[in-house]
Amino acid sequence: MSYIQIPDYAFESIINSLQQGYDVCVGVDYSSNDTEKRPEYATGYSRATMRDAIERLKQYQENSN
């Protein structure tokens, strides 16, 4: 089994980003007119958050090979 090293600051940043995406999804209010509480916003925000996490983790994976 091999391991990939990720600096603490990068790991914490990825976790914080994913947590923010989760929080946006939890805050969805289907009856709200507030853009940041709409399901469409949460979908886009969470998609971007996950894409960013994947790209950042792939960089560490590629650098370890």
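Everything in this summary refers to the structure shown in the same document.

How each quantity is defined
For every chain, the first residue of the written sequence is number 1, and numbering continues from 1 onward in sequence order. Reporting in this predicted model follows two pLDDT cut-offs: at least 70 for local features of residues, and 80 or more for side-chain atom pairs to be given and counted; totals over whole chains, interfaces and linings ignore these cut-offs and use all residues. The side-chain figures draw on all heavy atoms in the structure; neither hydrogens nor water molecules are used. In this scheme, patches are assembled from residues that exceed 30% relative accessible area and form no salt bridge. Like charges are connected within 9 Å, while nonpolar side chains (Val, Leu, Ile, Met, Phe, Trp, Tyr) are connected within 5 Å. Surface accessibility follows the Shrake-Rupley procedure with a 1.4 Å probe radius. Residue values consider only the protein chains on display as shielding. The salt bridge definition used is simple: a Lys or Arg side-chain nitrogen within 4 Å of an Asp or Glu carboxyl oxygen. Strands are runs of DSSP state E lasting at least two residues, helices are runs of H or I lasting at least four, and both sets are numbered from the N terminus onward. In this scheme, a residue with accessible area under 20% of its type's maximum is buried, one over 50% is exposed, and one in between is partly exposed, where area comes from a 1.4 Å probe on protein chains only. A helix is expected to reach a length of 1.5 Å times the quantity of its residues less one. Two residues form a contact once any of their heavy atoms are found within 4.5 Å.

### Topic: a nonpolar patch on the surface
Then comes step 1: There is a patch of nonpolar side chains on the surface, built from Leu18, Met50 and Ile54 and spanning about 270 Å² of accessible area.
Then comes step 2: In this fold, Ile54 is placed in helix H2 (residues 39-64).
Then comes step 3: Taking relative accessible area as the criterion, Ile54 reaches 46% and is therefore assigned partly exposed.

### Details of H2
Then comes step 1: With 26 residues, H2 extends 38 Å between its outermost C-alpha atoms, agreeing within 8% with the 38 Å of an ideal straight helix rising 1.5 Å per residue.
Then comes step 2: Turning to H2, its buried residues number three or more, namely Pro39, Ala42, Ser46, Thr49, Ala53 and Tyr60.
Then comes step 3: Next to the buried residues of H2 lie helix H1 (8-26).

### What about the pattern of salt bridges?
If the charged atoms of two oppositely charged side chains come close together, the side chains can form a pair.
Then comes step 1: Considering all chains together, one arrives at two salt bridges under this definition.
Then comes step 2: A salt bridge links Glu40 to Arg38, with the nearest nitrogen and oxygen atoms 3.5 Å apart.
Then comes step 3: Exposure remark for Glu40: the relative accessible area of 53% places this residue in the exposed category.
Then comes step 4: With its nearest N and O atoms 3.1 Å apart, the salt bridge here joins Arg56 to Asp52. In this pair, Arg56 and Asp52 are both assigned in helix H2, four residues apart and thus about one turn of the helix distant.

### Description of the environment of Ala42
Then comes step 1: As for its placement among the helices and strands, Ala42 is situated in helix H2.
Then comes step 2: Between the C-alpha atom of Ala42 and that of Leu18, which follows or precedes it by 24 residues, the distance is 12 Å.
Then comes step 3: Residues contacting Ala42, with those up to four places away along its chain left out, are Val24, Cys25 and Val28.

Everything listed here is a matter of geometry and, on its own, says nothing about what the molecule does.
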